[in-house]
Amino acid sequence: MTDNLTVSVLGTGIMGAAMARNLARAGHTVHAWNRSRDKAEPLAAEGVRIAGTPADAVRDADVVLTMLYDGAAVLEVMRQAAPALHPGAAWVQSTTAGLDAIAELAAFAREHGLVFYDAPVLGTRQPAEAGQLLVLAAGPAESRQAVTPVFDAVGARTVWTGEDGAAAGATRLKLVANSWVLAATNAAGEVLALAKALGVDPQSFFDAIDGGPLDMGYLRVKTGLILEGRLTPPSFAVTTAAKDAHLIVEAGEQHGVRLDVAAAGAARFDRAAAQGHGDEDMAAAYYASFDDDPATT
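Residues numbered from 1 in each chain as written. Predicted model: local features only at pLDDT ≥ 70, side-chain atom pairs only at ≥ 80, totals over all residues. Heavy atoms only, no water.

## Notes on the overall build of the protein
And then number 1: Of the regular secondary structure elements, the protein holds twelve helices and nine strands.
And then number 2: Taken against the 2.2 N^0.38 rule, which gives 19 Å for 297 residues, the C-alpha radius of gyration of the protein at 20 Å falls within 12% of a compact globule.
And then number 3: The C-alpha extent of the protein, read off along each of the three principal axes, is 60 × 45 × 35 Å.
And then number 4: Looking at the protein as a whole, 52% of its 297 residues qualify as buried.
And then number 5: Considering only contacts in the protein between residues 6 or more positions apart, those separated by 24 or more positions represent 63%.
And then number 6: As displayed, the protein offers around 13100 Å² of accessible surface, 53% of which is attributable to carbon and sulfur atoms.
And then number 7: Of the charged side chains in the protein, 22 are positive and 35 negative; the average position of the first set lies 2 Å away from that of the second. (Helix = DSSP H or I, 4+ residues; strand = E, 2+ residues; numbered from the N terminus. Rg over C-alpha atoms; globule rule 2.2 N^0.38 Å. Buried < 20%, exposed > 50% of the residue type's maximum accessible area, 1.4 Å probe, protein only. Contact = heavy atoms within 4.5 Å. Areas by Shrake-Rupley, 256 points an atom, 1.4 Å probe, with all protein chains shown as cover. Lys, Arg positive; Asp, Glu negative; His and termini not counted. Charge placed at Lys NZ, Arg CZ, Asp CG, Glu CD.)

## Considerations on a negative patch on the surface
And then number 1: Taken together, the side chains of Asp 100, Glu 104, Glu 250 and Glu 253 define an acidic patch exposed on the protein surface.
And then number 2: Among the elements of the structure, α5 (99-111) and α11 (238-254) are those that each provide at least two residues to the negative patch.
And then number 3: Here Glu 253 shows up in helix α11.
And then number 4: Residue class for Glu 253 comes out exposed when judged on its relative accessible area of 58%. (Patch = residues over 30% accessible without salt bridge, like charges linked within 9 Å, V, L, I, M, F, W, Y side chains within 5 Å. Salt bridge = Lys/Arg side-chain N within 4 Å of Asp/Glu carboxyl O.)

## Some words on the pattern of salt bridges
And then number 1: Within the structure shown, the criterion is met by 14 salt bridges.
And then number 2: Among the salt bridges present, the one from Lys 222 reaches Asp 281, with a minimum N-O distance of 2.9 Å. Placement of the pair is Lys 222 in helix α10 (residues 217-227) and Asp 281 in the segment after α12 (260-277), with a sequence separation of 59 residues. Judged on exposure class, the residue Lys 222 and its partner Asp 281 are both buried.
And then number 3: Sharing partners across several salt bridges, the network here consists of Arg 21, Arg 25 and Glu 46.

## A few points about helix α1 (residues 14-25)
And then number 1: Here α1 spans 17 Å end to end across twelve residues, near enough to the 16 Å set by a 1.5 Å rise per residue.
And then number 2: Burial analysis of α1 places nine of its twelve residues in the buried class, the great majority of the element.
And then number 3: For α1, the set of buried residues is Met 15, Gly 16, Ala 17, Ala 18, Met 19, Ala 20, Asn 22, Leu 23 and Ala 24.
And then number 4: Following α1 by one or two positions, Gly 27 has its phi on the positive side, about 100°. (Expected span 1.5 Å × (residues − 1).)

## A short note on the packing of aromatic side chains
And then number 1: Tallying each qualifying case throughout the model produces seven aromatic pairs.
And then number 2: Considering the side-chain rings of Phe 205 and Phe 206, the 5.6 Å spacing of their centres and the 50° angle between planes classify their relative orientation as tilted.
And then number 3: On the accessibility criterion, Phe 205 (27% relative accessible area) is partly exposed.
And then number 4: Given the relative accessible area of 7%, Phe 206 is considered buried.
And then number 5: Their ring planes at 70° and their centres at 5.0 Å tell us that Tyr 286 and Tyr 287 sit as a pair that is edge-to-face. Taken individually, Tyr 286 and Tyr 287 each receive the classification buried, so the pair is uniform in this respect.
And then number 6: An aromatic cluster is built from Trp 91, Phe 108 and Phe 116, whose rings are joined through pairwise contacts.
And then number 7: We note Arg 144 situated over the ring of Trp 160; from NZ or CZ to the ring centre the distance is 3.7 Å.
And then number 8: The side chain of Lys 243 reaches across the aromatic face of Tyr 69, ending 5.5 Å from its centre. (Phe/Tyr/Trp six-rings, centres within 6.5 Å; stacked < 30°, edge-to-face > 60°. Lys NZ or Arg CZ within 6 Å of the ring centre and 35° of its normal.)

## Brief notes about the pairing of strand β2 (residues 29-33)
And then number 1: Counting buried positions along β2 yields four of five residues, so the element is predominantly enclosed.
And then number 2: Where strand β1 (residues 6-10) meets β2, five bridges bridge the pair, whose relative direction is parallel. Across the sheet, Val 7 pairs through a bridge with Val 30, a residue of β2.
And then number 3: In this view, the connection linking β1 to its parallel neighbour β2 by way of α1 has right-handed handedness.
And then number 4: Relative to strand β3 (residues 49-50), β2 runs parallel, the two being bridged by two bridges. (Pairing = 2+ DSSP bridges. Right-handed = clockwise from strand over helix to strand, strands pointing away.)

## Concerning the side chain of Thr 223
And then number 1: The topology assignment puts Thr 223 in helix α10.
And then number 2: The contact partners of Thr 223, leaving out residues within four places of it in the chain, are Ala 188, Leu 192 and Phe 206.

## Points about the side chain of Asn 178
And then number 1: When you line up the elements, Asn 178 lands in helix α8 (residues 169-198).
And then number 2: Look at Asn 178 and you get buried, because its relative accessible area is 6%.
And then number 3: Within the structure, Asn 178 has its side chain in polar contact with the side chain of Asp 244 (distance 3.0 Å).
And then number 4: Among all residues touching Asn 178, those that are not within four sequence positions of it are Leu 122, Asp 244 and Ile 248. (Polar contact = N/O pair within 3.5 Å; in protein donor to acceptor, adjacent residues only side chain to side chain.)

Given below as structure tokens:
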């Protein structure tokens with residue numbers, strides 16, 4: 001197989017669109033499908049062929065890449081694509097789908113003769129657009145030449161976690177990493193909420209921790225989005241963060257670990273979404289600290 005592949009991208013939201021664009025710029029033939037076609041149409045200017053159905057998108061694909069909302073959405077779309085899938089094609093499953101879903105998706109891959117790669121990514125809008133994602137991957141070593149060019153186009157680095165995608169080693173690592181990201185996001189929002197409640201200028205807090213071990217770039221980025229009102233377009237939406245937070249809590253429960261911070265974080269994301277902030281950046285969980293939403297008062 002040459003390094004120039006035909007890649008089908010199913011799902012062109014924030015991440016999927018950026019991945020499709022970078023695959024096309026790397027010289028691959030890219031077919032893309034999205035449930036809302038208007039979100040995929042701008043990719044045509046990059047040479048991406050926009051397909052009307054999942055089956056049309058995957059026809060003749062060397063690699064199928066799924067970047068959808070959750071495991072249920074992935075399975076539904078792949079079932080629609082099934083008539084046009086050909087045995088031996090590689091399936092790069094990059095949706096954060098949870099442990100139970102990965103087992104179900106891997107079973108689907110076996111039924112259809114697909115080479116399954118569990119391959120979620122770490123990163124948000126900006127690294128996705130720059131092709132600088134961190135790819136976490138698990139799948140058979142003997143077929144990696146089929147997917148390495150895809151990973152190279154969308155990511156700065158690939159971390160291999162094993163040779164059995166069905167074991168969900170990459171997804172397990174993604175959930176661990178996301179547990180930290182989501183906890184840090186909620187902590188950043190709470191720091192600003194408490195400062196507001198106590199009449200403390202947030203800058204005095206930043207000055208106090210400046211350059212020390214408590215300072216971190218991520219804190220500055222997320223609090224900046226809140227303070228400057230730059231929550232749209234989102235790098236990673238509140239609704240998606242809520243979904244991932246619940247997957248993390250569920251994984252902990254299944255393995256006998258109580259994740260109190262993750263559970264509280266999931267509740268905060270749910271409240272922010274219910275307040276109307278679901279399509280904003282996940283930093284908008286800040287608003288969950290208030291009964292009266294300060295964004296509207």
